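A look at the structure
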Amino acid sequence: MSENTPQNVEQLSVNTIRTLAIDAVQAANSGHPGAPLGAAPMAYVVWQKFLRFNPQHPEWPARDRFVLSAGHASMLIYSLLHLTGYPEMTLDDLKNFRQWGYHTPGHPEFFHTKGLDATTGPLGQGAAMTVGMAMAEQFLAAKYNREGFPIFDNYTYSILGDGDLQEGINHESAALAGHLKLGKLIWLHDDNSVQLDTATLKAESEDTAARFRAYGWEVLRVQDGNNLAEIGAAVQQAQENKDQPTLIQVKTVIGFGSPRAGTSKAHGEPLGEEGVAETKKALGWEYPPFTVPDEVRQHMDAAQRGQGFEDAWNKLMDEYRASFPELGKEVDAVLAREVPANLAEILPSYEVGGKAMATRNASGEVINALAKVLPTLMGGSADLSGSTKTTIKDGGEFLPGSYQGRNVYFGVREFGMAAAGNGLSLYGGVRPLVGTFAVFADYLKPAFRLSAIQMQPVTYVLTHDSIGLGEDGPTHQPVDQLAMLRSVPGAHVIRPADANETAAAWAMALEYDKGPTALILSRQDLPILPRNHAGVKKGAYVVKDTDSTSGEGAQVILIASGSEVSLALDSADALAREGVNARVVSMPCMEVFRAQDQAYRDSVLTPGTKRVAIEALAKMPWYEWVGSGGAIIGMDTFGASAPAKVLFEKFGFSVENVVKTVKGIL
């Protein structure tokens, strides 16, 4: 485009998006200018002509969802947020891209910037989360919509790049979306044939369109990524197909208009002052840096139409509440993520001396008790629901044509499942649970990390929790996974010692809304301990103390989690017979205990008392609690294939070894 070519307001708007992006990247002297230059037209079309949102109320529940999966192109969405009228996205924020204290971090951060629907950057995960969002819309619509009252009725969009499509999670999530026939899910592929290192042809030769058609998607092609009418027609066609998700392949030029156009050099570094000037000349842009022409600001400001969308929905909701008062109350409650005030009474309770029970089985009973009072508790397992006990009885199956079902068959897709769980949670109104064996946390860890970064209360049901798994051997025994999960900031990892602690752990998961909870559950049966919800909810508590009548305090504190708490209790009895006073502490959740005040922590782990930690997992997390004078009975190696009782004996998880270890430090 010549610098003298007149621009209509649409083209001027597209170029405003482009120039704001390259100006911000240049000012920061870091960032990714290539994708915003190429993808600006498709982003403009979606936001200006199709997306329903309200800049004055970014959390409006009925809005369409938009996720920039290619999160490195963050200036694309920041420019759109500013131009469409989000109050917190000021021009000053754009000028301070990637700087401390502004709403424009290097990659989009959900809780940091109003108007975003997800945190993105790790390629593949943004689009994968939109699958969960589309599932949530279908689930809530099937459950609550009534004739004439489409209170849940929105589309979910994502712009993704070639790198997103190459990630393994893309295959998992796209296959699941196609199988579920999520017809209101629309992905726009920024098809520029270039990635960071090189042209894509050096890394792949697949037929992406054929792959998606094989998954059950509709695939559309826009040959000219600058043709706004062609892009709009494709989005319109995608909206009209309610039986299939749609991939729109938009042929673009990375770094469009710049001297580096069409090359990998346009991907991830500023254009330089000279490059910015040449790009603006090619675009016919004659304004100073960070300029928004008045006609563009007026054209793209979405405040009035956005408020109109929300006002219409609010009116519909008022009529819905009047016509269906009980349903109206329920919808309001689920959108507010309300938890029953009498949660402790709802949860199952187990009597000491009762039949021993695996904590995975107890969790299954708790899930079904909670399902009766939490109507949007839903989710499933990665082809292990029979083993993880995540099935909601009489909850129905989430399948095409029965989207009101609460049990999801994710298939053997741990990463895609966890990303969908994030999307279900981000959508709002849904309380997702996802399950697999604890060892396969390796496969879903990146999504667990994003659960924490986004502060999403997704509950991860991770069973078969230690070498106690037994005969399946070291490939299935999660020796090292808990240390990994415990290292994630903001996550709660809870390993309950019995059925009563499991019930309390579920209450903790539901009440914690600042991040994910991983419930680490046993395959083997464990004895029932006295119910102490208050103690569990503080992360650690005294299960058994010394005999106060003797007048002597504890000489040693045995700290354990999960199945090893029972071992600690038996060991304390054995030590008592040898004249050693031992206190037993159950520590189901290190993160919660760490957050207690010093007085409580000292009341449980009395300063100056020797400590021995017992857990059939990696030792690393326990050094914080035993100190330099203590000891840890844990795993320094992988496990082995044998019955659980044999493994515990061979690896030192026996009363004899605990007694020996205690005597060694005393």
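Source: prediction; values computed, not measured. (Residues numbered from 1 in each chain as written. Predicted model: local features only at pLDDT ≥ 70, side-chain atom pairs only at ≥ 80, totals over all residues. Heavy atoms only, no water.)

1. Side note on the nonpolar core
Core analysis: the largest hydrophobic core is formed by 77 residues, its most contacted members being Met135, Tyr144, Ile151, Leu182, Trp187, Tyr460 and Leu485. Top element by residues in this core is helix 5 (residues 125–144). It accounts for 12 residues. Residues lining this core come from more than one domain, with at least three contributed by each of domain 1 (9–306) and domain 2 (342–533). Apart from the residues within four sequence positions on either side, Tyr144 is in contact with Ile151, Phe152, Tyr320, Leu327, Glu330, Val331, Val334, Pro375 and Thr376. (Core = buried A, V, L, I, M, F, W, Y, C linked by side-chain atoms within 4.5 Å. Buried < 20%, exposed > 50% of the residue type's maximum accessible area, 1.4 Å probe, protein only. Helix = DSSP H or I, 4+ residues; strand = E, 2+ residues; numbered from the N terminus. Domains from an automatic or database assignment. Contact = heavy atoms within 4.5 Å.)

2. A closer look at unusual backbone geometry
Note: most peptide bonds trans; most residues except glycine with negative phi. With a phi close to 55 degrees, Arg337 is a non-glycine residue in the positive phi region. Looking at the element boundaries, Arg337 is found in the loop between helix 13 (325–335) and helix 14 (343–346). The phi dihedral of His464 is positive, around 60 degrees, even though this residue is not glycine. Counting through the fold element by element, His464 comes out in the loop between strand 10 (459–463) and helix 19 (481–486). A relative accessible area of 4% means that His464 is categorised as buried.

3. Some words on the side chain of Arg360
Inspection of the secondary structure assignment puts Arg360 in helix 15 (residues 359–371). Here Arg360 sits buried without a salt bridge, and the closest side chain of opposite charge, Asp525, lies 7.1 Å off (N-O distance). Polar contacts involving the side chain of Arg360 include one to the main-chain carbonyl oxygen of Ser387, which spans 2.9 Å. If near-sequence neighbours (up to four positions away) are discounted, Arg360 is found in contact with Ser387, Thr388, Lys389, Thr463, His464, Leu521, Ser522 and Arg523. (Lys, Arg positive; Asp, Glu negative; His and termini not counted. Salt bridge = Lys/Arg side-chain N within 4 Å of Asp/Glu carboxyl O. Polar contact = N/O pair within 3.5 Å; in protein donor to acceptor, adjacent residues only side chain to side chain.)

4. Focus on the domain arrangement of the protein chain
Partitioning the protein chain into structural domains gives domain 1 (9–306), domain 2 (342–533) and domain 3 (540–664). Using only C-alpha atoms to locate each centre, domain 1 and domain 3 end up separated by 52 Å.

5. Looking at the packing of helix 1 (residues 9–28) against helix 2 (residues 34–50)
Two elements in contact, helix 1 and helix 2, have axes whose closest approach is 9 Å; the angle formed by their N-to-C orientations is 130 degrees. Put simply, helix 1 runs oblique to helix 2. In this structure, helix 1 meets helix 2 at a crossing whose hand is right-handed. When helix 1 is examined against helix 2, the residues Glu10, Ser13, Val14, Ile17, Arg18, Ala21 and Ile22 are found in contact with a partner set consisting of Pro36, Leu37, Ala40, Pro41, Tyr44 and Lys49. The class makeup of the residues in the contact of helix 1 with helix 2 is nine nonpolar, one polar and three charged. (Axes fitted to C-alpha atoms, helices over the stretch in contact; angles between N-to-C directions. Parallel < 35°, antiparallel > 145°, perpendicular 65-115°, else oblique. Left-handed = near helix turned anticlockwise from the far one by under 90°. Nonpolar A, V, L, I, M, F, W, Y, C, P; charged D, E, K, R; others polar.)

6. Re the sheet that holds strand 2 (residues 156–161)
A sheet is described by the order of its strands in space; here five strands give the open sequence 1-2-3-5-4, paired in parallel fashion. What marks the edges here is a single partner per strand, and that holds for strand 1 (65–68) and strand 4 (218–222). Between one strand axis and the next, the sheet turns by 20 degrees as a mean value, whatever way the strands run. Pairing analysis gives six bridges linking strand 3 (residues 185–191) to strand 5 (residues 246–251), with the strands arranged parallel. When the sheet's bridge partners are listed, Trp187 is paired in strand 5 with Leu247. Contacts from helix 2 reach strand 1, strand 2, strand 3 and strand 5 within the one sheet, and its direction differs from that of strand 3 by about 155 degrees. (Pairing = 2+ DSSP bridges.)

7. Looking at helix 22 (residues 564–577)
Over its 14 residues, helix 22 runs 20 Å from end to end, which matches the ideal 20 Å to within 8%, given 1.5 Å per residue. Burial runs high along helix 22: 10 of the 14 residues are buried. Next to the buried residues of helix 22 lie strand 14 (541–544), strand 15 (556–560), strand 16 (582–586), strand 17 (610–618), helix 26 (644–650) and helix 27 (655–665). Looking at the residues trailing helix 22, positive phi occurs at Gly579, about 85 degrees. (Expected span 1.5 Å × (residues − 1).)

8. So, the packing of helix 5 against helix 7 (residues 168–180)
With their axes 9 Å apart at the nearest point, helix 5 and helix 7 run at an angle of 20 degrees to one another. In terms of orientation, helix 5 lies roughly parallel with respect to helix 7. Between helix 5 and helix 7 lies a crossing whose hand is left-handed. On helix 7, the residues that touch Gln125, Ala128, Val131 and Met135 of helix 5 are Ile169, Ser173, Leu176, Ala177 and Leu180. Residues that form the contact of helix 5 with helix 7 fall into these classes: seven nonpolar, two polar and no charged.

9. Structural notes on the packing of aromatic side chains
Under the defined criterion, the tally for this structure stands at 23 aromatic pairs. Between Trp47 and Phe66 the ring centres are 5.5 Å apart and the planes differ by 75 degrees, which places this aromatic pair in the edge-to-face class. Taken together, the residues Trp47 in helix 2 and Phe66 in strand 1 connect sequence positions 19 residues apart. As far as burial versus exposure is concerned, Trp47 and Phe66 are alike and both buried. With centroids separated by 4.7 Å and ring planes inclined at 50 degrees, the aromatic side chains of Trp187 and Trp217 adopt a geometry described as tilted. Of this pair, Trp187 sits in strand 3 while Trp217 sits in the loop between helix 8 (208–215) and strand 4, and the two are 30 residues apart along the sequence. On the basis of relative accessible area, Trp187 is assigned to the buried category, the value being 0%. (Phe/Tyr/Trp six-rings, centres within 6.5 Å; stacked < 30°, edge-to-face > 60°.)

10. Describing the pairing of strand 18 (residues 631–635)
The buried count for strand 18 comes to five of five residues, which makes it a mostly enclosed element. Pairing geometry for strand 17 and strand 18, over four bridges, is parallel. Directly across from Val612, in strand 18, lies its bridge partner Ala631.

11. Quick look at the UniProt feature "binding site: thiamine diphosphate" (unreviewed entry) in the protein chain
Here, the residues flagged by UniProt with the feature "binding site: thiamine diphosphate" (unreviewed entry) are His72, Gly121, Pro122, Leu123, Gly163, Asn192, His267 and Phe440. Look at the named residues: they lie 369 residues apart in sequence, and the longest C-alpha span between them is 34.8 Å, so in the fold they stay spread out. As for its placement among the helices and strands, Leu123 is situated in the loop between helix 4 (91–95) and helix 5. Residue classification places Leu123 among the partly exposed residues on the basis of a relative accessible area of 28%. Discounting residues that sit within four places of it in the chain, Leu123 has contacts with Ser69, Ala70, His72, Gly163, Asp164, Glu167 and Ile169. Within the secondary structure, Phe440 sits in the loop between strand 9 (431–437) and helix 18 (441–453). (UniProt positions renumbered as here; feature names shortened; annotations may be inferred.)

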